[in-house]
Amino acid sequence: MSTLVVGDVHGCAEELAELVERVSPERLVLVGDVYTKGPDPVGVFRIIQERRAAVVRGNHDQRLLDARAGERPEDDRALGLCARLEREAPGALPAIEDWPLWSRAGRYLVTHAALHPSGDPSKTAPGTHLTLRRWPSDRPDDPFWYELYEGPPVIFGHDARRGFVRRDREGQPWILGLDTGCVYGGQLTGWIVEEERAVSVPARRAWCPIPG
Ligand SMILES: [Mn+2]
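Before going into details, it helps to say that this report is about the structure given with it.

Cut-offs used in this document
Residues numbered from 1 in each chain as written. Predicted model: local features only at pLDDT ≥ 70, side-chain atom pairs only at ≥ 80, totals over all residues. Heavy atoms only, no water. Core = buried A, V, L, I, M, F, W, Y, C linked by side-chain atoms within 4.5 Å. Buried < 20%, exposed > 50% of the residue type's maximum accessible area, 1.4 Å probe, protein only. Contact = heavy atoms within 4.5 Å. Helix = DSSP H or I, 4+ residues; strand = E, 2+ residues; numbered from the N terminus. Expected span 1.5 Å × (residues − 1). Arc of directions from axis to C-beta.

**Looking at the nonpolar core**
At step 1: Grouped together as the largest cluster of nonpolar side chains are 41 residues, with contacts concentrated most on Val6, Leu16, Leu30, Tyr35, Ile48, Leu64 and Leu85.
At step 2: In this structure, Val6 is in contact with Leu16, Leu19, Leu28, Val29, Leu30, Val31, Leu178, Leu188, Thr189 and Gly190, ignoring residues within four places of it in sequence.
At step 3: The next biggest cluster of nonpolar side chains, apart from the first, holds 14 residues, and it includes Ala114, Tyr149, Val154 and Ile175.

What follows is the structure in structure tokens.
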């Protein structure tokens, strides 16, 4: 068995295809934020279908669901992407409804943004799974959530400004942040769970500036 967990794809289907071809995993898991910002969300949906990928829901995925439900009438970009997906990839938006806020890959918990410091997903608020970077309130002087983390091994994404994060415990990888900013011109990074190693492919180009 080989399991590849991949950081924020953000519509970068070419890079995802290259990474998946290079590793040929039996199980593909994405940490969320898969469709928005980048050039080819439809291509990403095809790869998810072909590989029967598991996806945990990210804040940008949730945003598409909210836009589709009429809860973001001012969000032209989300509405535009919803319209495109409904036209070119029917099934893409309804599938998001089935994506959980967290999952497992081997010995790791997988979530998009963060977990409660205990590592207990049932104590983790939905907004923490989806968007939190700093515990407890995302204030600029709060510590990063993983500085306080005491739970089981975890893989997350969502923080391209931090880039690749790795903390070990007892000589084993323990906290892994995989968002290396592919859509901003960085890299797309995955973690091969059974081999305990990272694999990256460079971005073809930058599609938007990294948010501040
Ligand atoms: Mn995110």
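Following the structure, the description resumes.
**Considerations on helix 3 (residues 59-68)**
At step 1: Among the 10 residues of helix 3, eight are classified as buried, and the element is accordingly described as predominantly covered.
At step 2: Looking at helix 3, one finds that the buried residues are Asn59, His60, Asp61, Gln62, Leu64, Leu65, Asp66 and Ala67.
At step 3: Taken together, the buried residues of helix 3 touch helix 4 (76-88), helix 5 (92-96) and helix 6 (126-131).
At step 4: Following helix 3 by one or two positions, Gly70 has its phi on the positive side, about 85°.

**Section: helix 4**
Because an α-helix completes one turn every 3.6 residues, residues spaced three or four positions apart along the sequence face the same direction.
At step 1: An ideal rise of 1.5 Å per residue puts 18 Å on 13 residues; helix 4 measures up with 18 Å between its terminal C-alpha atoms.
At step 2: All of the buried residues in helix 4 are Ala78, Leu81, Cys82 and Leu85. For helix 4, the angular spread of the buried residues around the axis is 105°, confining them to a single face. In helix 4, the exposed residues that point more than 90 degrees away from the buried face are Asp76 and Arg87.
At step 3: Packing partners of the buried residues in helix 4 comprise helix 2 (41-50), helix 3 and helix 5.

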